[in-house]
Structure formats: C-alpha cells, structure tokens
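Residue-level structure breakdown
Given next are the chains, with one letter for each unit.
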Amino acid sequence: MGDLVDVTIEDVNRTIICYAETIYRTNGVWEGPNPLAPILPIFIFQLPVAIFATRISLLLLKPFNMPPFIGELIGGILLGPTFFGKIAPSTYKWFFPSYGFVVLEPMAHFALVYYAFLVGLTLDTQAIRRTGSKAMGMAITGAAIPCLIGCVLFFVILSDETNYYGCIFWGFALTVSSYSALGSILEDQSLIHTEVGKLAMSAAQVGEVISWGLLAIGLAVANSASHCLFAIILTIVFALFCFHAVRPALSWIIKKTGDGQGFSEFYICFILSGVAICGVITDAIGTHPMLGAFIFGLIMPNEVLQTTLVERLEDFVMGIFMPAFFAVCGIRTNLDSLSINNTSLAVVVGIIVILSGSKVISSLLSSFVTNMTAKEAATVGLLTSTKSILALIILEIAQEHGVLTTQEYTIMVVSVVVMTMLVPPIILHYHPNNDGIPYTRKTIEKTKSVEELRVLACVHKLNNVPSVINVLEAANATKQSPIRVYALQLIELIGRASAMLVVHNGHKASSKNPTKEEAQTDEIISAFDNYELRCDGVNVQALTSRCPYSTMDEDICSIAREKRAAFIILPFHRQQNADGEMEDINPTIRTVNENVLAHAPCSVGVLIDRQMAETRTFPNRVSVLFFGGPDDREALSYAWRMSEHQNVRLTVIRFAPGKDALQVDPTDFMTPETITVPINAENEQHLDDQFLNKFKLATAQEKSVVYQEIVLNDEEETVRAIKNMENNYDLFVVGRGRGMVSPLTAGLADWCDCPELGPIGDLFATSEFSSSFSVLVMQQYIRSDGSETGSESYAESSEAEHDMSWRPSNASNEGYEPFGHMSFNHRRDHSLGMMR
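Reading guide: rules and limits
Residues numbered from 1 in each chain as written. Predicted model: local features only at pLDDT ≥ 70, side-chain atom pairs only at ≥ 80, totals over all residues. Heavy atoms only, no water. Helix = DSSP H or I, 4+ residues; strand = E, 2+ residues; numbered from the N terminus. Buried < 20%, exposed > 50% of the residue type's maximum accessible area, 1.4 Å probe, protein only. Contact = heavy atoms within 4.5 Å. Areas by Shrake-Rupley, 256 points an atom, 1.4 Å probe, with all protein chains shown as cover. 1 Å grid on protein atoms, 1.4 Å probe; cavity = no way out; pocket = protein on both sides within 12 Å on 5 of 7 lines; lining within 4 Å. Points joined across faces, edges and corners; volume = space filled by probe spheres on them. Nonpolar A, V, L, I, M, F, W, Y, C, P; charged D, E, K, R; others polar. Axes fitted to C-alpha atoms, helices over the stretch in contact; angles between N-to-C directions. Parallel < 35°, antiparallel > 145°, perpendicular 65-115°, else oblique. Core = buried A, V, L, I, M, F, W, Y, C linked by side-chain atoms within 4.5 Å. Salt bridge = Lys/Arg side-chain N within 4 Å of Asp/Glu carboxyl O. Polar contact = N/O pair within 3.5 Å; in protein donor to acceptor, adjacent residues only side chain to side chain. Left-handed = near helix turned anticlockwise from the far one by under 90°. Pairing = 2+ DSSP bridges. Phe/Tyr/Trp six-rings, centres within 6.5 Å; stacked < 30°, edge-to-face > 60°. Arc of directions from axis to C-beta. Patch = residues over 30% accessible without salt bridge, like charges linked within 9 Å, V, L, I, M, F, W, Y side chains within 5 Å. Disulfide = S-S within 2.5 Å. pLDDT = per-residue confidence, 0-100.

**Focus on the overall build of the protein**
- Helix and strand counts for the protein stand at 29 helices and 13 strands.
- The buried share of the protein, taken over its 836 residues, is 56%.
- Across the protein, every contact between residues at least 6 apart in sequence was considered, and the portion connecting residues at least 24 apart equals 82%.
- By element, 57% of the accessible surface of the protein is carried by carbon and sulfur atoms, the whole surface being about 36,500 Å².

**Side note on helix H15 (residues 289-298)**
- Within H15, 9 of the 10 residues are buried, which leaves the element mostly enclosed by the surrounding structure.
- By the burial criterion, the buried members of H15 are Met290, Leu291, Gly292, Ala293, Phe294, Ile295, Phe296, Gly297 and Leu298.

**Notes on empty space enclosed by the protein**
- Tallied over the full model, the rule gives 7 cavities of 30 Å³ or more.
- If you add up the space inside the second largest cavity, you get close to 70 Å³.
- Along the walls of the second largest cavity sit Met138, Ala139, Gly142, Thr175, Ser177, Ala203, Gly207, Lys359, Ser362, Ser363, Val380 and Thr384, which together make up its complete lining.
- Secondary-structure elements contributing two or more residues to the lining of the second largest cavity are helix H9 (133-154), helix H12 (195-223) and helix H18 (358-366).
- Looking at the lining of the second largest cavity, its residues break down into 4 nonpolar, 7 polar and 1 charged.

**Details of the packing of H12 against helix H20 (residues 389-400)**
- The interhelical angle for the contact between H12 and H20, taken along N-to-C directions, is 10°, at an axis separation of 11 Å. With respect to H20, the axis of H12 lies roughly parallel. Across the interface between the two elements, Glu208, Ser211, Trp212, Leu215 and Leu219 from H12 touch Leu390, Ile393, Ile394 and Ile397 from H20.
- By residue class, the composition of the contact of H12 with H20 is 7 nonpolar, 1 polar and 1 charged.

**Focus on the nonpolar core**
- In this structure, Trp170, Phe296 and Phe325 are the most contacted members of the largest nonpolar core, which totals 136 residues.
- Looking at this core element by element, the count peaks at 15 residues for H12.
- Excluding anything up to four places from it in sequence, phenylalanine 296 contacts Phe117, Val246, Leu250, Ile271, Gly274, Val275 and Cys278.
- If you look at the next biggest cluster of nonpolar residues, it comprises 53 residues, including Tyr486, Ile559, Phe764 and Ala765.

**Topic: the pattern of salt bridges**
- In the structure shown here, the tally under the stated rule is 17 salt bridges.
- Notably, a salt bridge pairs lysine 723 with glutamate 768, separated by 3.1 Å at the nearest N-O pair. Of the two residues, lysine 723 sits in helix H28 (residues 715-723) while glutamate 768 sits in the loop between helix H29 (758-764) and strand S13 (774-779), which places them 45 residues apart along the sequence.
- When its relative accessible area of 29% is taken as the criterion, lysine 723 is described as partly exposed.
- One connected set of salt bridges, linked through shared partners, spans Glu105, Arg332 and Glu396.

**Some details on the environment of serine 57**
- Considering the arrangement of structural elements, one finds serine 57 in helix H3 (residues 39-61).
- Separated by 14 residues in sequence, serine 57 and glycine 71 have C-alpha atoms that sit 4.9 Å apart.
- With sequence-adjacent residues up to four places away left out, serine 57 is seen in contact with Gly71, Ile74, Gly75 and Leu78.
- Within polar-contact distance, the side chain of serine 57 engages the backbone nitrogen of glycine 75 at 3.4 Å.

**Here we look at the packing of H9 against H18**
- The interhelical angle for the contact between H9 and H18, taken along N-to-C directions, is 130°, at an axis separation of 8 Å. When the axis of H9 is compared with that of H18, the two are oblique. Taken as a pair, H9 and H18 cross one another with a handedness that is right-handed. Taken together, the residues of H18 that come into contact with H9 (itself represented by Met138, Thr141, Gly142, Ile145, Pro146 and Ile149) are Ser358, Lys359, Ile361, Ser362, Ser363, Leu365 and Ser366.
- Here the residues of the contact of H9 with H18 are counted per class, giving 6 nonpolar, 6 polar and 1 charged.

**A few points about the pairing of strand S4 (residues 538-547)**
- Among the 10 residues in S4, 8 count as buried, and that is most of the element.
- The sheet contact formed by strand S2 (residues 483-492) and S4 spans 10 bridges and is parallel. Along S4, the bridge assignment pairs isoleucine 491 with arginine 546.

**Some thoughts on the packing of aromatic side chains**
- Taken as a whole and judged by the stated rule, the model has 27 aromatic pairs.
- Here the aromatic rings of tryptophan 94 and phenylalanine 95 are separated by 5.4 Å at their centres, their planes lie at 35°, and the arrangement is tilted.
- Judged by its relative accessible area of 19%, phenylalanine 95 is buried.
- Counting every residue linked through ring pairs, the aromatic cluster contains Phe45, Phe84, Tyr92, Trp94, Phe95 and Phe96.

**Some thoughts on unusual backbone geometry**
- The phi dihedral of asparagine 65 is positive, around 60°, even though this residue is not glycine.
- With respect to the helices and strands, asparagine 65 occurs in the loop between H3 and helix H4 (68-79).
- The residue arginine 564 is not glycine, and still its phi comes out positive at about 55°.
- If you trace the backbone, arginine 564 turns up in the loop between helix H24 (549-562) and strand S5 (567-571).

**Brief notes about H28**
- Within the sequence span of H28, burial applies to Thr718, Val719, Ala721 and Ile722. In an axial view of H28, the angular spread of the buried residues amounts to 165°, which keeps them on one side of the axis.

**Side note on the side chain of aspartate 730**
- Here aspartate 730 shows up in the loop between H28 and strand S12 (731-735).
- A polar contact is formed between the side chain of aspartate 730 and the backbone nitrogen of asparagine 620, at a distance of 3.1 Å.
- When sequence neighbours within four positions are dropped, the list of residues in contact with aspartate 730 reads Phe618, Pro619, Asn620, Arg621, Phe773 and Ser774.

**A few points about a nonpolar patch on the surface**
- On the surface, a nonpolar cluster with roughly 530 Å² of combined accessible area is contributed by Ile354, Ile361, Leu365, Phe368 and Val369.
- Following the sequence through the fold, leucine 365 ends up in helix H18.

**Quick look at the state of the cysteines**
- Enumeration over the complete set of coordinates arrives at 0 disulfides.
- As a non-bridged cysteine, cysteine 602 has cysteine 557 as the owner of its nearest cysteine sulfur, 7.9 Å distant.
- With a relative accessible area of 1%, cysteine 602 lands in the buried category.

**Considerations on the confidence of the model for the protein**
- Confidence along the protein averages 80 in pLDDT terms, with 81% of residues attaining 70 or more.
- Contacts for the low-pLDDT stretch residues 434-438, under 50 throughout, to residues beyond four places or in other chains number 2 contacts.
- A low-confidence stretch, residues 785-836 (pLDDT under 50), is modelled with 142 contacts involving residues beyond four sequence positions or located in other chains.

Rendered as structure tokens:
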C-alpha cells in the first residue's frame, strides 16, 4: 500500500497509446487471428494500398489535365474516414488502426525530407535573382494579401479547441504557388510562351521561395512559440553556413572527380547522408528536418550532379515514399467535420470560395499599380492559385502539432483542392490578345523607311556576338530609320528544371562574384550596350532564354512574334577553325535553326561566320549574289540598308542563265519530304525585274553601289565564279533560294550537306574557301494558307513607295499576285531541306 501512496494524479491522467509489442509475427496466422496486428506487416500492407489508390486516382484524372498531386491527394482522401471509413468502417479500422500511425506517419515525414531535397535541387536561385520587377511585385502581393485573408477568415470559425496560432498556417498555405504544376498546365494549354504565362511562371517561382521561408517561421512557432525567434535566427545562420562553407567544400570535392568519370555510388551515398545530417541539425535547432534537406539541395554546386541525383531519387521518393504522406493527409481529412461546432455549411462554403479566390483578389489589386488589364491580372491570379505539395505540408505539420483542429485542417484541404482543380478548365477558355498593336511588318522588304526595323538577334555563346553586331551595325541605323534589337542569349537548360525568359537591365550592376554563366551573360550584354552607345538610332534590349534545345525554336518564334520582329538572326552551327576547315560547334543548333526556318513568324537570316576571332572586322565590302525569288529580294532589301552606311561598299551581282543553259522544270526538284513551293515562274521573273529596276534607279548616283550582271550556263560555272570572289568581299548576303529554280543552281541541290541553307548558302558553308568572310543566308517570310497570323496584304506596301528613298516596295502591277501561287507545307521534323 505504501507504494500506492506515491502515485500522483498526473500519473493517473497520462494518456498511454497501446500497440502491439512485436515488430512482426514469427508464426503467421497460426499464432493469432489478425496477421496484420504487428507493426511491420501493417505498414507493409498500408504502403502498397496507398500507392495503388494514388495511382488509380492519377489515372482517372489524367484526361482533365490536373496536377499530379491533386490525384494523389484525392487517392489519400478516399483511403480516409470520408470514404473508406464510411463504406466499410470495420475493415477500415482493421487496415488503418490508430497504432498503424506509429510507422506510417514517420515514413511520411521521412519522405518529406527527401522531397524537400529534390525541390531544393530543382529550384533555380539565379533565375529568381533576375526576376523582373513586375513579376516580383505580383509574387509579393500574391503572398501578402492571401496570407492576410487566410488569417482573417480563420477567426470566423473559432471554437473552444482553437489554437490562435492556426491562423498563420491558414495564411501561409494560401501563399503557395506551384511552379512545376503551373508549368505543366501552361504547356498543355499552349500558354507557356505568352506574356501572361511567363509572368505567372516567374511569380510562382518567387512565391514558392517565399512559402518555404514562411514554412520555417510556422514550424518554429508550432514547435515552441516562446523560443521561435531563436529557432528562426539559428536556421538563418545554418543556411548562411551552408552557402558560404559547405557549398565551396562540395565544389572542391567534386572537382577532384575527373571530367567524364561520372559520379560513383560513394558520391551519391555521401550526398544522401548529408541530406540526413542537415535534417537532424535543423530539427535540433527547432524547425524541421525538411528545411535542412531543402537548404542542402539548394547549395548543390554542380548541375550534372543535380541531374544525377534527381534521376536517381525522383521516381523512388515520389513513387514509393510520398504515397504514404498522401495517405496520412487523407486519413487526417474528414469532410463530416466541416459543419461541426455550430458552424453552418453555408458559412464554410463561403469561406472556401473566398479562400479559393484569394490569389485572384491579390492580382486584381496589384493591377492598379501595373500596366496589366483586369483580364490579364485575373488570369495571373488564377494561374498562381495552382497549389503544390508544399501547401499540404504546411497544413499536415500544423495539424500534427495540434495547431489546427480537424475542421480547420479539412476546410483548408478542400480549399486547396478546389482552387487547383478550377485552374485547368477555366484557363482552357482564356485566349490572350496578342494583337494590341498590328503586326504587319514581317519582312525587311515591307518595312517602311520611317519605321523602326525590329530585329531578334540570337546568340548562343560570346563567340557569336562580334559577327552578329557587325551585321547589325552595317545596317545603318539612324534617327530617321531606327533599329530596335532584341539581343537574345540562348542557354541550354540542364540541371535545375526552371525554364524561363529573363529581361535584363543593361545598366544594372552585375554580381560581385558571378558564375561562369553569369560572367558570359554580362559580357554579351556589355557588347550590345556598347553597340547601342556608338550608333545613333539603335535601341537594344537584352534577354536570356533558358530552355532545352527541344523547345528552343518555340521560344525564338514566340519572342519574335511577341516583339513584332521583322527579322531573326541565327548563328550557324559550324565555324571555321585555324586550318580553314568548317567544323561543328554544336550540331544540335542545326535542328533549332531548321525548326525556326520552318515556323518563324517573320524573315530569318542564318549567319555563317568564316572569320577567326582575331580577324573579325566591320564588313566594308558587301556583296549580294542575286539569282531571283523572294529570298534573294529579301537579301537585297537588307543589303540596300547597308548601302547607306558611309563605310560600306555594296556590290550586287545578278546571275543570269545564258543561251546554252538547260531549261529546268520546277516540278523535277520537288519531293514530298521537303518544303514544296509551287512556282509561277513568269510572275517571279516579273517581280525580280521590277525590284532590280527600282534598285538601280534609286542607287544610280551612288558611287558606293555597284551593279553587275554575269551570264553563265551551268552550276559548274556558278561555283567557279563564286570561288573567284572570295577574297573580294567581307560579307556575302544571299537568299536561301525558295520560290525559284535556276539552271545555275539546280544541280547543286543534289550535293547539299546543309539543305536548310539552300544551294548557294550550302556552298559557302563548305571547306572549299580559305578566306575570312561572313555569309548571311536570308529567308523571306511568306504566309501559308490558314496561317495564324492571317493574311498579309502586299498592297499596303504601295503606300510606302513614296516614303522610301532607298528601300523597295512590294507593290506590283495590277493583275499580279506576287505569292498567290506559293504555299508552304511546314513539317515539324528534322528533314527540312532545300527544294529539289
């Protein structure tokens, strides 16, 4: 009895969870009626059930283009008390007993640790630092206003069990925007390259980083409100230590691995152990192991290592471990709890509606201080309402800490599901208005002398810049005839999965410690800024597009369409080496160029640089080789601009077939596998003669312009004549050759190594020449029937005829339709070639 006196009332009131003492059963069903009673068998059973439920839900929702996490969450809810627990309560308790959480929930949080590590790996911090002010403002507004709305609405459903700290978790969950899920939705709806799509993507990425910071604050508060400040400060100190000490150490270790050797299992295991260690540190600090893993993912210094880790971990973590987390979220969700505590269902529905529209409300409010229309702002708000697993993580951790009741947790889970599921069907009916300013000048030939010429100049490396700037500078920009240049740096997307377009401010100070990529970008921007400063009438805007090569052509065409460019300059994929041989720099660029030529919304020029870096000079001696056709007329149109430059001498050489030249039937050179151009030869001949006569009359008094005609009989004489010119000129401007078939070039098409350049361009791309010069191969934009850009009326160029002292007009005599007999059947493949 003496022992009983020492028992206190606190000891009696303790809550004790009872569960099976054995990890697994040693003698199967012969030892007891329930083989799933021990801890290990029940977990082994629960995990595949969760995987199966989430996969089935994903499969059923796939036709509706829903983000994957919605299907997985619904699969988890179906396993919870709302569905499974209601239709089969006894079976539900047998499969998901309360003690089953002893293993299931720790495994769910273990999955979160490595999920956070993957998120850190794929988050591009460099792109976030370069986010434009409009997207940054939308992201900050889209976090602050929804957070405030969530905190206010939380107090509408106060109950006796309410923990007031729950309001911050409601607010924090509403700030989340899913960058990856939003990218998939925009890609499905073909909106990823629109202005609204790009703005939403940039805002979502910044918003995701903000949400991770808010999660750290919420975790510190949930763990210990009295010591949360110390936990937050120590977490910040740990993050700084990782960036300034651990990251350099990892870089040093990685450099010890020779190039091409890959990363061994030792390296992978070393990194995965580091994830666990960082998780333990942040947990000891007072936040959560997930934050340590996230920070460790952010500091990975090598893009190849990032890619390797994502490939190794993603399927295992997302496919095996994360279903356990969704099962836990689903079991915690109970729709029957929505209207408890004297809360009417109408009030709950009203709260869910307001919560679901919080991002739209914030975007509409921010539109008052931006140049966005209400429709565009509402669209951005709707798109950024797309939630991710991070919102569920915030809510699940809050509920697990007892900060949110089942009712409060369920209301927010339903809101997350509703606002995310509404995005795909609503955005399906959104049609951006890209025609605010008429987009009619899609060729150089059509551009009026008093209009600015818009050029999209593409570069891949710093090595491309001098030759591109030389070609632009020779075009003679003046205040009366300005040139607006959009300098687009194209970077292959590897490692961190964050494709985006960055618009640069050329006068903004660069980073103190730039990476190799940032340093190259700064040099490219500086080169174009210097070009703008030394040339009157030039306005330059620098952009960087980070995307995979498979979609790079789509970015180029989209930007050209958005900027209403009349001309795109593309670097060629080969360059001349010290021995005079043309060698491939990057063969993948060839595919990009082919696709741009097939789908460009304006004229295109492929720039072949046959000059060594130390010999690149301004092209004083320019020659146009004119065989006829729309591409050659476009080439002469651009060279015509150059003839006004005081340092340029222009020579136009027309190649005409002689009496002994063979007659060529255009249909003999057409195949189904290539772009086909039905030709009205007589009409084309008339347009060529009219164009050249206008050029000769306009430049008759110009001493810097020379016009010549050469009469030849076959392609051999053509090749010989061109080779004799190689030392006479710095820049050749030639047409790609569509829309014409000449006996002087027809035979060359059979030997084309680069048919996307045409027969003459392909000749200049060979190693037959030893001199240093550049070649600009021009393709004029010609609309195809049913083109999305609509009909281009050539009659409108007649109004420019009186304006243009140095530029030709496309107006033709009555009865002539310049390209009425031409049509293009563009094919989306890599077999684009010259018409044979």
